[in-house]
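Observations on the model geometry
Below, each chain spelled out in residue letters.
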Amino acid sequence: MELLQLKYFCHAAETENFSHTASHFRVPASNISQCIKRLEKELDASLFTRSRNSLKLNENGKIFYEKTNKALTLIESAKNEVTNKG
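Below is a summary of the structure that appears in this document.

Moving on, we come to the packing of helix α1 (residues 3-15) against helix α3 (residues 29-43). At a minimum axis distance of 10 Å, the contact between α1 and α3 shows a crossing angle of 105°. Relative to α3, α1 is oriented roughly perpendicular. For the pair formed by α1 and α3, the contact residues are Gln 5, Leu 6, Tyr 8 and Phe 9 on the first element and Ile 32, Cys 35, Ile 36, Arg 38, Leu 39 and Glu 42 on the second.

Here's what the structure looks like:
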């Protein structure tokens, strides 16, 4: 699991749209899709329910999002404390 991968996941979970996430991070939508698929494979669990024209966070995704979002917030806080200390 990589930090950027988790950032992609959280943004996609919030927007429920890989294209919006790709635009936000300025990468191709296929990168986001592949990244999320690798994360799901690593977790051995799907995080989204995909249909032809929609993407919805499923129960696994909701649980993973809640914890991951907290972790990213803590990491950002730690980064800010260290950066502003020097």
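Before going further, it helps to spend a moment on the environment of Glu 59. By the element assignment, Glu 59 lies in helix α4 (residues 59-85). Residues Glu 59 and Phe 48 lie eleven residues apart in sequence; the distance between their C-alpha atoms is 8.4 Å.

As for its position among the elements, Gln 5 is in helix α1. For Gln 5, the side chain forms a polar contact with the main-chain oxygen of Cys 35, separated by 3.3 Å. With sequence-adjacent residues up to four places away left out, Gln 5 is seen in contact with Cys 35, Arg 38, Leu 39 and Glu 42.

Criteria and cut-off values
- Residues numbered from 1 in each chain as written.
- Predicted model: local features only at pLDDT ≥ 70, side-chain atom pairs only at ≥ 80, totals over all residues.
- Heavy atoms only, no water.
- Axes fitted to C-alpha atoms, helices over the stretch in contact; angles between N-to-C directions.
- Helix = DSSP H or I, 4+ residues; strand = E, 2+ residues; numbered from the N terminus.
- Parallel < 35°, antiparallel > 145°, perpendicular 65-115°, else oblique.
- Contact = heavy atoms within 4.5 Å.
- Polar contact = N/O pair within 3.5 Å; in protein donor to acceptor, adjacent residues only side chain to side chain.

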